[in-house]
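Letter by letter, the chains look like this.
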Amino acid sequence: DAGVTQSPTHLIKTRGQQVTLRCSPISGHKSVSWYQQVLGQGPQFIFQYYEKEERGRGNFPDRFSARQFPNYSSELNVNALLLGDSALYLCASSLVDNEQFFGPGTRLTVL
Amino acid sequence: GENVEQHPSTLSVQEGDSAVIKCTYSDSASNYFPWYKQELGKGPQLIIDIRSNVGEKKDQRIAVTLNKTAKHFSLHITETQPEDSAVYFCAASTNNAGNMLTFGGGTRLMVKP
């Protein structure tokens, strides 16, 4: 079975631009979470979506938004990019009451 | 909110030795504690987890212990191998679904042949 997939793998943007990251969960998983991992640190929770509804939001500004589609895939959007948004963005999927499985991440570089 | 501290930040062991990584958490309501292994260029991989109703769990060379009174939990790897070299993260969650994880800062484990 395919694991969590994310696209693109790498992305380079300039300050002020907008970016959209995509995630496809493991088949059958209805919950998707997004995390930001700055180099040398542990992942930080951004959002969780279940059945297309936002279930949780971490301490991130309103420039960050997300949505989940009927097929349970998800997009993370970041507006007005800052240098500090450079990080590995991780998507994780899970069944409602089970462990989270992470994708390989999207490496975002903001210049 | 929850705060998870992880120690040590780096750990170097000889092949065959044991490795122990320790984490403490702040929120007594936390009830799910997974451990992830992250290799270079990859996403975190779940290696073992423990829930608050269990004090210890073992899976082959890997074991995790939980002390809810002291609010700390530990990862034990026995008979380490070079392929165990990676960054290990502990995490905690107040939701049994394991979502909204709060991660520790990570431990870089190096196993020398």
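That block above? That's the structure.
About the cut-offs
Residues numbered from 1 in each chain as written. Chains lettered and ligands numbered in written order. Predicted model: local features only at pLDDT ≥ 70, side-chain atom pairs only at ≥ 80, totals over all residues. Heavy atoms only, no water. Salt bridge = Lys/Arg side-chain N within 4 Å of Asp/Glu carboxyl O. Helix = DSSP H or I, 4+ residues; strand = E, 2+ residues; numbered from the N terminus. Buried < 20%, exposed > 50% of the residue type's maximum accessible area, 1.4 Å probe, protein only. Pairing = 2+ DSSP bridges. Axes fitted to C-alpha atoms, helices over the stretch in contact; angles between N-to-C directions. Contact = heavy atoms within 4.5 Å. Buried area = accessible area lost by both parts, 1.4 Å probe. Nonpolar A, V, L, I, M, F, W, Y, C, P; charged D, E, K, R; others polar. Phe/Tyr/Trp six-rings, centres within 6.5 Å; stacked < 30°, edge-to-face > 60°. Disulfide = S-S within 2.5 Å.

1. As for the pattern of salt bridges
Piece 1. As enumerated under the stated definition, the model contains 7 salt bridges over all chains in all.
Piece 2. Here D85 of chain A and R63 of chain A are joined by a salt bridge, their closest N and O atoms 2.8 Å apart. Of this pair, D85 of chain A sits in the loop between β8 (74–78) and β9 (87–94) while R63 of chain A is found in the loop between β6 (53–57) and β7 (64–68), placing the two residues 22 residues apart along the sequence. Each member of the pair, D85 of chain A as well as R63 of chain A, is classed as buried.
Piece 3. As a salt-bridge pair, R61 of chain B and D84 of chain B come within 2.9 Å of each other at their nearest N and O atoms. Linking R61 of chain B in the loop between β6 (56–59) and β7 (62–67) with D84 of chain B in the loop between β8 (72–77) and β9 (86–92), this pair joins segments that are 23 residues apart in sequence.

2. Describing the sheet that holds β7 of chain B
Residue and element names in this part refer to chain B.
Piece 1. The 5 strands are arranged β1-β3-β8-β7-β6 in an open sheet whose pairing can be described as antiparallel. On the outer flanks of this sheet lie β1 (4–7) and β6, each paired with one strand and no other. Strand-to-strand twist across the sheet, computed as the mean angle between neighbouring axes with direction ignored, equals 15°.
Piece 2. In the sheet, strand β3 (residues 19–25) pairs with β8 via 6 bridges, with the strands oriented antiparallel.

3. Points about the sheet that holds strand β1 (residues 5–7) of chain A
Residues and elements named next belong to chain A.
Piece 1. The 4 strands lie next to each other as β1-β3-β8-β7, forming an open sheet whose pairing is antiparallel. Two strands lie at the open edges of the sheet, namely β1 and β7, each paired on one side alone. Within this sheet the neighbouring strands show an average axis-to-axis angle of 15°, counted without direction.
Piece 2. Where β7 and β8 come together, 5 bridges link them in antiparallel fashion. Within β8, the position partnered with R67 by the bridge is E75.

4. Here we look at the interface of chain B and chain A
Piece 1. Each side of the interface is counted separately: chain B has 21 residues, and chain A has 23 residues.
Piece 2. Across the chain B to chain A interface the summed buried area is about 1,500 Å²; carbon plus sulfur atoms make up 50%.
Piece 3. Connecting chain B to chain A are 0 salt bridges.
Piece 4. For the side of chain B that touches chain A, the elements supplying multiple residues, two or more each, are β4 (32–38) and β5 (45–51) of chain B.
Piece 5. Of the residues that constitute the side of chain B that touches chain A, the class distribution is 9 nonpolar, 9 polar and 3 charged.

5. Digging into unusual backbone geometry
Piece 1. Residues S7 of chain A and P8 of chain A are joined by a peptide bond in cis, for which omega reads -10°.
Piece 2. As for its position among the elements, P8 of chain A is in the loop between β1 and β2 (10–13).
Piece 3. Note the cis peptide between H7 of chain B and P8 of chain B, where omega equals -5°.
Piece 4. Mapped onto the fold, P8 of chain B is located in the loop between β1 and β2 (10–14).
Piece 5. For Q60 of chain B, which is not a glycine, the phi torsion comes out positive at approximately 55°.
Piece 6. Within the secondary structure layout, Q60 of chain B lies in the loop between β6 and β7.

6. Details of the packing of aromatic side chains
Piece 1. A full pass over the atoms with the stated rule returns 13 aromatic pairs over all chains.
Piece 2. Relative to F103 of chain B, the ring of F102 of chain A has its centre 6.1 Å away and its plane inclined at 70°; by these criteria the two rings are edge-to-face. Here the residue F102 of chain A occupies a position in strand β10 (residues 101–102), and F103 of chain B occupies one in strand β10 (residues 102–103), the pair thus bridging two chains.
Piece 3. Look at F102 of chain A and you get buried, because its relative accessible area is 11%.

7. A closer look at the state of the cysteines
Piece 1. Inspection of the entire model under this criterion finds 2 disulfides over all chains.
Piece 2. The side chain of C23 of chain A participates in a disulfide bridge whose partner is C91 of chain A; the two sulfur atoms lie 1.8 Å from each other. Its torsion about the S-S bond being -60°, the disulfide of C23 of chain A and C91 of chain A is classed as left-handed. With a gap of 68 residues between them, C23 of chain A in strand β3 (residues 19–24) and C91 of chain A in strand β9 connect regions that are remote in the sequence.
Piece 3. Of the residues examined, C23 of chain A reaches a relative accessible area of 2% and is grouped as buried.
Piece 4. A relative accessible area of 0% places C91 of chain A in the buried class.
Piece 5. Residue pairing for C23 of chain B: its cysteine sulfur links by disulfide to C90 of chain B, the two sulfurs lying 1.9 Å apart. Residues C23 of chain B and C90 of chain B are joined by a disulfide whose S-S torsion is about -100°; by sign, that bridge is left-handed.

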